[in-house]
Amino acid sequence: DEERDQSWQRDWLRNAVATQLLLKNMAPKVTTELLAQLRKAMRNSKYVQESIQAYIVPSGDAHQSEYIAPCDCRRAFISGFDGSAGTAIVTEQHAALWTDGRYFLQAAQQMDSNWTLMKIGIKTTPTQEDWLVSVLPEGSKVGVDPLIIAADQWKTISKALKSAGHCLVPVEENLIDAVWTDRPQRPCRPLMPLGLSYTGISWQKKVAALRAKMAERKASWFIVTALDEVAWLFNLRGSDVEYNPVFFAYAIVGMDTIRLFISGDRMTDSNIKLHLQLNSDPPAEEKIQVEPYNCMLATLQTICAGLAPKEKVWISEKASHALINTIPKAHRVLTPYTPICLAKAVKNTTETEGMKRAHVKDAVALCELFNWLEKEVPKGTVTELIASDKAQEFRSQQEDFVDLSFATISGTGPNGAIIHYKPTPETNRMLSVNEIFLLDSGAQYKDGTTDVTRTMHFGTPSAYEKECYTHVLKGHIAVSSAVFPNGTKGHLLDSFARSALWESGLDYLHGTGHGVGAFLNVHEDPCGISYKTFADEPLEAGMIISDEPGYYEDGSFGIRIENVVLVVRAETKYNFKDRGSLTFDPITLVPIQTKIINFALLTQKECEWVNSYHLKCREVVGPELEKQGRLEALQWLIRETEPIAKAH
């Protein structure tokens, strides 16, 4: 015991130093001078016809992407906060930033005293519109780049400002770009064509299916604005945005024309020419006209100028205000999700098999990693960054590995409580046998995208840690084993994940699940499981989503258990109104650490779920570990998947 006390004291000292460094590292960005320059630009006739009293800086790019290229990180540049979600607004006197519960801690640490943090989801937090109305002088003009703001956001803000006597105005030249002297170039990296063995369906058939949907809606034109939709439609992948295999492009599909707007010389690659039939003489309706990326808006204006009275142009209502506003109101077809988005979400057999293969490879890498960590952590030499790098090293040994699917979240102790924490050399904490370690990581393989979180303890967890972990596990199992009627939307399942936590007065401030792309974006519309009401589409067999409840004790630890699951048909005793039922089949196959479970809190059914899940891990991943000659990791897998029994 004395030895354990000493070890605990050593860890405590080491981590106290690490915590100090964490706070020092998160030294906020000094924005005084930048804000002064931006406010000057807001009055400069070179950029604005009349002075504007406020400027809105959204998170996204011109494609409303969640993950963006460095040249589009404008909100991070002006505010210092670099989380994936948030909106900054700068007025002559104030600067405020809105973000959600995943980022409260991070935003507070990264922003200086010029900024006010607006916590979305907290009752007392005003909306952006209400706040603007409360701080602006009478008759103010609020500016925003119309290519960056989504049309639905524009509509909401514009309406609220108008009713209070202000107005929202488009500022064509981005004011952040005007003050960002060393802004990086827009990436233009080579493309990768994907064959039928990965996609299961040719791009020509995808275009034909899109045109059939256009005919149903009586639309002559369809505008493809989301980067993952362009990539999926043409069976191409790129690497213009870190972790997301997409490339900067737009497309306009007519009933017998296809235009692809893309820059650089990447279309000169012979494989790409062959894939897109650029050198051959395909049927007219399959011929692709390649045009420069920056010509998209002008081409759309030309098309709209020549529309016949009843012609319609179909575009996502999430597209930018600039694009939607170009289409005359009478000719617009707007939908929250495009037919491409809906088709992409329901994976075909080839994509599903690919996703399963990718998750087996991922499980092999993680069995190697956790086996390695169990040996190394007690030596006191493994930091969060070393663990993160090691995970990437093991994954990169797998066939068809391309990249990670997001920045690895490798957090021990208090860092694990920062929901989207990313270790840096300064915050880098030592893993120890006295703390919970949370690892949320994933990869892009040519045959699929992975995203998995496991929470581990390399020593003896406390009773409280076990209790919290078990509540999270119960929630995870409740979602994973849920049986629900066809037509159910994911948000109805959110409270399944929270019920056990709620009973103990606990909760977590993030959604429970998101759609996952097939070698595409790790966060994919239109389905998800969240307490936030959003226009999610009903779950359908073939959709792939994550199941990831958690619990975070600020300053102490974080717990999350995440699997990627496939929506499958469920066999039920009865079939009310012939609706049919669905359930989930886990495709992530990594053992869930049983050492942290308080078995007394599990029901018999939950114990059976854990055992059957672990049996599947053993039966599917075991042979692959053996085949790859990773015998030590195989022994680890066998140990970690021993059946559990309910404590009486």
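All of the points below concern the structure found in this document. (Residues numbered from 1 in each chain as written. Predicted model: local features only at pLDDT ≥ 70, side-chain atom pairs only at ≥ 80, totals over all residues. Heavy atoms only, no water.)

The next subject is the sheet that holds strand β19 (residues 448-449). With antiparallel pairing, the three strands of this open sheet are ordered in space as β15-β18-β19. This sheet does not close on itself; its edge strands, each paired only once, are β15 (401-404) and β19. Examined bridge by bridge, strand β18 (residues 443-445) and β19 share two bridges and lie antiparallel to one another. Note that in β19 the partner of Q444 across the bridge is T449. (Pairing = 2+ DSSP bridges. Helix = DSSP H or I, 4+ residues; strand = E, 2+ residues; numbered from the N terminus.)

What follows concerns the nonpolar core. Counting 71 residues, the largest nonpolar core has F370, L373 and F584 as the members making the most contacts within it. Looking at this core element by element, the count peaks at nine residues for helix α15 (residues 349-376). In terms of nonpolar packing, the next biggest core, distinct from the first, is built from 54 residues, C71, I252, I288 and Y293 among them. (Core = buried A, V, L, I, M, F, W, Y, C linked by side-chain atoms within 4.5 Å. Buried < 20%, exposed > 50% of the residue type's maximum accessible area, 1.4 Å probe, protein only.)

This part is about empty space enclosed by the protein. Scanning the model with the defined rule gives two cavities of 30 Å³ or more in all. In this structure, the largest cavity occupies an estimated 90 Å³ of space. Around the largest cavity, the lining is made up of 16 residues, and of these Y198, T199, R237, E351 and A518 lie nearest the centre. Counting residues per element, the lining of the largest cavity draws most heavily on α15, at four residues. Residue composition of the lining of the largest cavity, by class: five nonpolar, five polar and six charged. (1 Å grid on protein atoms, 1.4 Å probe; cavity = no way out; pocket = protein on both sides within 12 Å on 5 of 7 lines; lining within 4 Å. Points joined across faces, edges and corners; volume = space filled by probe spheres on them. Nonpolar A, V, L, I, M, F, W, Y, C, P; charged D, E, K, R; others polar.)

Right, let's talk about helix α9 (residues 203-216) for a bit. Taking 1.5 Å as the rise per residue, α9 with 14 residues should run 20 Å; its terminal C-alpha atoms sit 20 Å apart, in good agreement. Residues W203, Q204, K206, V207, L210, R211 and M214 constitute the buried set of α9. Projected down its long axis, α9 carries its buried residues within an arc of 160 degrees, all on one side. For α9, exposure combined with an orientation more than 90 degrees from the buried face picks out K205 and E216. Looking one or two residues beyond α9, the residue adopting positive phi is K218, at roughly 55 degrees. (Expected span 1.5 Å × (residues − 1). Arc of directions from axis to C-beta.)

Turning our attention to the environment of K595. Turning to its location among the elements, K595 is positioned in the loop between β28 (581-586) and α19 (604-627). Remark: the alpha-carbon pair of K595 and N174, spanning 421 residues in sequence, is separated by 53 Å. Filtering out sequence-adjacent residues up to four positions away, K595 remains in contact with H457, F458, G459, P461 and K466. Engagement of the side chain of K595 in a polar contact is seen with the backbone oxygen of H457, the distance being 2.9 Å. Side-chain polar atoms of K595 contact the backbone oxygen of G459, separated by 2.9 Å. (Contact = heavy atoms within 4.5 Å. Polar contact = N/O pair within 3.5 Å; in protein donor to acceptor, adjacent residues only side chain to side chain.)

The next subject is the packing of helix α5 (residues 128-135) against helix α6 (residues 151-163). At a closest axis distance of 9 Å, the pairing of α5 and α6 adopts a crossing angle of 30 degrees. On the basis of their axis angle, the class for α5 and α6 is roughly parallel. Relative to α6, α5 is oriented so that their crossing is right-handed. On α6, the residues that touch Q128, E129, L132 and V133 of α5 are T156, I157, A160 and L161. (Axes fitted to C-alpha atoms, helices over the stretch in contact; angles between N-to-C directions. Parallel < 35°, antiparallel > 145°, perpendicular 65-115°, else oblique. Left-handed = near helix turned anticlockwise from the far one by under 90°.)

Taken together, the six strands give an open sheet; going across it, the order is β12-β11-β10-β8-β13-β14, and neighbouring strands pair in mixed fashion. The sheet terminates laterally at β12 (288-291) and β14 (332-335), the two strands that pair on one side only. For this sheet, the mean angle separating the axes of adjacent strands, direction not counted, is 20 degrees. Pairing analysis gives two bridges linking strand β8 (residues 221-224) to strand β13 (residues 313-316), with the strands arranged parallel.

On inspection of all chains with the given rule, the structure shows 14 aromatic pairs. Residues Y250 and Y293 carry aromatic rings whose centres are separated by 5.5 Å and whose planes lie at 20 degrees to one another, so their mutual orientation is stacked. Here Y293 lies in the loop between β12 and α12 (296-305) and Y250 lies in strand β10 (residues 249-254), a separation of 43 residues in the sequence. Taking the relative accessible area as the measure of exposure, Y250 reaches 4% and is therefore buried. (Phe/Tyr/Trp six-rings, centres within 6.5 Å; stacked < 30°, edge-to-face > 60°.)

If you trace the backbone, T338 turns up in the loop between β14 and α14 (339-345). Take T338: its relative accessible area is 2%, and that puts it in the buried class. Of note is the side chain of T338, whose polar atom sits 3.0 Å from the backbone nitrogen of C341. Excluding anything up to four places from it in sequence, T338 contacts F222, E229 and S316.

This part covers unusual backbone geometry. The bulk of non-glycine residues show a negative phi, and the bulk of peptide bonds are trans. With an omega of 10 degrees, the peptide bond between D525 and P526 qualifies as cis. Take P526: it is sitting in strand β23 (residues 524-529). Backbone geometry places F519, a non-glycine residue, at a positive phi of 45 degrees. Along the polypeptide, F519 turns up in the loop between β22 (513-515) and β23. In this structure, D578 is a non-glycine residue whose phi angle is positive, near 55 degrees. Note that D578 resides in the loop between β27 (563-570) and β28. Looking at D578, the relative accessible area reads 67%, which means it is exposed.

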